[in-house]
Amino acid sequence: MIEITEIAQKRITTLMRDQEDQGNIIEGVRLTYSGILPTIEYRLAFVETRQEEAGDIVVTANGIKVFMEKRNAGFLSDVRIDFIESLQQTGFKVDNPKVVMPTTVAPQSPPTLDTPQAIAIKKVLDSEINPAISSHGGYIKLLDVKEQIAYIQMSGGCQGCGMADVTLKQGVVVAIKKSVPEIIDVLDTTDHGSGNNPYFTPGK
Amino acid sequence: MSCILLLIPTTSYRTSDFVTAAYKLGVELIVASNERQTLEEIVPGHTLTLDFYNLDESVNKVVSFAKERLIDAVVSTDEDAVILAAMISEALGLPHNPIAATETTKYKDRLRTVLTRASIPTPMAHCFSTTDSLDETAQGVSYPCVLKPIHLSASRGVIRADTQEEFKIAFLRIIKILSDPEVKRLGKEAAKKILVESFIAGEEVALEGLLQNGKLTVLALFDKPDPLNGPFFEETIYVTPSRLSLMVQEKIAVCTEQACFAIGLTEGPVHAELRINGGPFVLEVAARSIGGICSRTLKFGLGVSLEEVIVRHALKMPIDSLQRQQAASGVMMIPIPHAGRLANIEGVDEASKVAGIEGVTIMIRRTQKVIPLPEGRRYLGFIFARGENPSDVEAALRKAHRALKFTIDEECS
């Protein structure tokens, strides 16, 4: 059963009223997700009157109508929608008991670097990626592979580099997924704030 | 799947936020940057190298690339490539701002001319050559005035002068900034000009907006509570919502929309800066979103980032709400007190624990060189706060800033 916490319900209601003040009649919220297990991104969006889609599954939780695509309804059937307002983050938070979300911190259990997947990833790093990024003084180390997710750590010129996210998502992830198709994601565990010699630094 | 080409300079503060937004939306992403990415050869087709200032060559390169790969939208994350983004979009037949309009926003002398012709309140300005006679120029202007390079941003090289003597010192100081080889190379003819304009006293605000078919939606109006009276114009605190009266806020929005119309801007993000002196005066209108990582202080609707709004708009994806989340929020760009090398940073934990503070992000690493305005172009970092009202946010930012201690070694500068 979908649960909307009291604070989330109040927040959604307030935002719906704001929308209605602008002339939009809101029926409820649409809950969708993207990504592949276990790295799921959830998204809430308003559903205006007559914007319901054919085949939508509609569940009412704490007075709020939640719209879902039929194909997603099973996966989303037990989520808990909360609103977090803390020093660290502010926003809606969706917890799904059907998913164990990984953190960007490497798993605590002993790393498994002797599996065929890990060996194949290390080969990509050693033979293709690291020789290329060494031109910027960078180095990427494989820390672990758990549940088809590779955990890596950047150092040298990559640590704190302004373009590290491009290197990761437009390069490393693509290269690893191409060579090891069973890998579904690559998570960066680097403490970029501690990088003392980043290759590219932001500035106007 | 829609495909977006992001033009990201290697000096961008926004890389991670834009790349994350594109990933979150599940769109295909190509990143074009002004320096070759290390994995470009290993993973071709995901990154491109473009000379952001060799416009024709870069347009041809993207057009050639787009023969193999359909591109649905082009967005420049920063000021550097707004003209190029418009040119590429035109070549690919994609919706875009007119190229001439982006050029107007890029060059302050053109902006002043366009706004003045359209009778939009803006400082009176005159453009001088760096080779003009210093004595004659100093004698020919009214004081107080503000001198600035025509093509640099983030208050770089902007200096107030109240007397002829101060004018001469400022003029020579700007010439020195413009003689930097990189500034010269990128600015070309623009690096030979200095704009001198009347100083407009009053409160300053920054408007963040989105243009859709020429209609401006105000995403946020930021007050800048620290007085910006010179001699340098260091950006520090931005707080939204504005504490100005609703009538003044409305005038600011109308004035900005009129300025966009006069310039010819029709689509995409707009960042405008205005002074309030009897009414709004337009200082800047840029065809981009807010700089630094200040956008992290903004969330829309049910938690959408500004970058996601921009990507969605560019790809014509639905945007549920452009209404900013209701709590007051703010950011402080941590100023550089003096030149040198950053030796140590203390108090980050203490600053982070101040009530209302959401985060403290230090951008400059220990041992790196730091240069304050007017020559500098970086911030030490950013402090983010959220609260019930703008006053609480401002107080939290100031308290957190007081908790930070930066040791800058002058001997090594």
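Residues numbered from 1 in each chain as written. Chains lettered and ligands numbered in written order. Predicted model: local features only at pLDDT ≥ 70, side-chain atom pairs only at ≥ 80, totals over all residues.

**Some remarks on the overall build of chain A**
Scanning chain A for helices and strands turns up 4 helices and 10 strands. When the elements of chain A are put in sequence order from the N terminus, they spell out β-α-β-β-β-β-α-β-β-α-β-β-α-β. Relative to its 204 residues, chain A shows a buried fraction of 33%. Across chain A, the fraction of contacts at a sequence separation of at least 24, relative to all contacts at a separation of at least 6, is 59%. (Helix = DSSP H or I, 4+ residues; strand = E, 2+ residues; numbered from the N terminus. Buried ≥ 20, exposed ≤ 12 C-beta atoms within 10 Å, placed from the backbone. Contact = placed C-beta atoms within 7 Å.)

**Comments concerning the overall build of chain B**
When helices and strands are tallied, chain B shows 12 helices and 21 strands. For a compact globule of 413 residues, the expected C-alpha radius of gyration is about 22 Å, and chain B comes in at 21 Å, within 12% of that figure. Projected onto the principal axes, the alpha-carbon positions of chain B cover approximately 60 × 50 × 50 Å. Across the 413 residues of chain B, 51% fall into the buried class. (Rg over C-alpha atoms; globule rule 2.2 N^0.38 Å.)

**Brief notes about the packing of helix H2 (residues 55-66) of chain B against helix H3 (residues 82-92) of chain B**
Working note: a packed helix pair is described by the angle between its axes plus the distance between those axes. All names here are of chain B. For the pair H2 and H3, the least separation of the axes is 9 Å and the interaxial angle reads 45°. Between H2 and H3, the angle falls in the class oblique. The chirality of how H2 crosses H3 is right-handed. Together, Leu55, Ser58, Val59, Val62, Val63 and Ala66 of H2 and Ile83, Leu84, Met87, Ile88, Ala91 and Leu92 of H3 make up the contact between the two elements. Per-class residue counts for the contact of H2 with H3 are 11 nonpolar, 1 polar and no charged. (Axes fitted to C-alpha atoms, helices over the stretch in contact; angles between N-to-C directions. Parallel < 35°, antiparallel > 145°, perpendicular 65-115°, else oblique. Left-handed = near helix turned anticlockwise from the far one by under 90°. Nonpolar A, V, L, I, M, F, W, Y, C, P; charged D, E, K, R; others polar.)

**Some points on helix H7 (residues 164-178) of chain B**
Each α-helix winds once per 3.6 residues, and so residues spaced three or four apart point in a common direction. Residue and element names in this part refer to chain B. A rise of 1.5 Å per residue sets the reference length of H7, with its 15 residues, at 21 Å; its end C-alpha atoms lie 21 Å apart and thus fit the reference within 8%. The set of residues buried in H7 consists of Phe167, Ala170, Phe171, Ile174 and Leu178. In an axial view of H7, the angular spread of the buried residues amounts to 105°, which keeps them on one side of the axis. What points out from H7, more than 90 degrees from its buried face, is the exposed set Glu165, Leu172 and Lys176. (Expected span 1.5 Å × (residues − 1). Arc of directions from axis to C-beta.)

**Regarding the environment of B:Pro123**
Residue and element names in this part refer to chain B. Of note, Pro123 is situated in the loop between helix H5 (108-117) and strand S5 (125-129). Its 20 C-beta neighbours within 10 Å are what place Pro123 among the buried residues. In this structure the C-alpha to C-alpha distance between Pro123 and Asn54, which are 69 residues apart in sequence, comes to 32 Å. Once you skip the residues sitting within four places of it in the chain, Pro123 turns out to touch Glu197, Ser198, Ile200 and Phe281.

**Some details on the nonpolar core**
One finds A:Ile121, A:Ile176, B:Leu6, B:Phe382 and B:Ile383 to be the most contacted residues of the largest nonpolar core, which totals 152 residues. Contacts of A:Ile176, omitting those with residues within four sequence positions, involve A:Ile121, A:Val124, A:Ala150, A:Ile183 and A:Val186. Residues B:Cys145, B:Ala170, B:Ile174 and B:Phe233 belong to the second largest nonpolar core, which totals 21 residues. (Core = buried A, V, L, I, M, F, W, Y, C linked by C-beta atoms within 7 Å.)

**What to know about the domain arrangement of chain B**
Residue and element names in this part refer to chain B. As assigned here, chain B comprises domain 1 (3-102), domain 2 (124-198) and domain 3 (327-413). Taken over C-alpha atoms, the centre of domain 2 sits 29 Å from the centre of domain 3. Residues belonging to the side of domain 2 that touches domain 3 are distributed by class as follows: 4 nonpolar, 2 polar and 2 charged. (Domains from an automatic or database assignment.)

**Describing the interface of chain B and chain A**
In this complex, chain B contributes 42 residues to the contact, which on the side of chain A involves 38 residues. Listed by contribution, the elements that provide at least two residues to the side of chain B that touches chain A are helix H1 (15-25), strand S2 (28-33) and strand S18 (357-362) of chain B. At 5 residues, the largest contribution of residues to the side of chain B that touches chain A is made by H1(B). Class assignment for the residues of the side of chain B that touches chain A results in 13 nonpolar, 19 polar and 10 charged.

**Comments concerning the domain arrangement of chain A**
Taken as a whole, chain A is organised into domain 1 (3-95) and domain 2 (116-194). Look at where the C-alpha atoms of domain 1 of chain A and domain 2 of chain A centre, and you get two points 34 Å apart.

**Re unusual backbone geometry**
The general pattern is negative phi for most residues beyond glycine and trans for most peptide bonds. Residue and element names in this part refer to chain B. Residue Pro231 is bonded to the preceding Gly230 through a cis peptide linkage, with omega at 5°. Inspection of the secondary structure puts Pro231 in the loop between strand S10 (215-223) and strand S11 (237-240). With omega at 10°, the peptide bond leading from Leu373 into Pro374 counts as cis. Mapped onto the elements, Pro374 comes out in the loop between strand S19 (369-370) and strand S20 (381-387). One non-glycine residue with positive phi stands out, namely Lys188, at about 50°. Tracing the backbone shows Lys188 in the loop between helix H8 (181-187) and strand S8 (193-198).

**Overview of the packing of helix H3 (residues 116-133) of chain A against helix H4 (residues 164-179) of chain A**
Residues and elements named next belong to chain A. Closest axis-to-axis distance for the H3/H4 pair is 9 Å, and the angle between their directions is 140°. The element H3 and its partner H4 pack so that their crossing is right-handed. Where H3 abuts H4, its residues Ala120, Ile121, Val124, Glu128, Ile129 and Ile133 lie against Thr167, Val172, Ala175, Ile176 and Ser179. In the contact of H3 with H4, the residues fall into 8 nonpolar, 2 polar and 1 charged.

**Quick look at the pairing of S2(B)**
Residues and elements named next belong to chain B. Along S2, 5 of the 6 residues are buried, which leaves the element largely enclosed by surrounding structure. Pairing geometry for strand S1 (residues 3-7) and S2, over 5 bridges, is parallel. Paired with Leu6 across the two strands is Val31, which belongs to S2. As a crossover connection, the stretch from S1 through H1 into S2 is right-handed. (Pairing = 2+ DSSP bridges. Right-handed = clockwise from strand over helix to strand, strands pointing away.)

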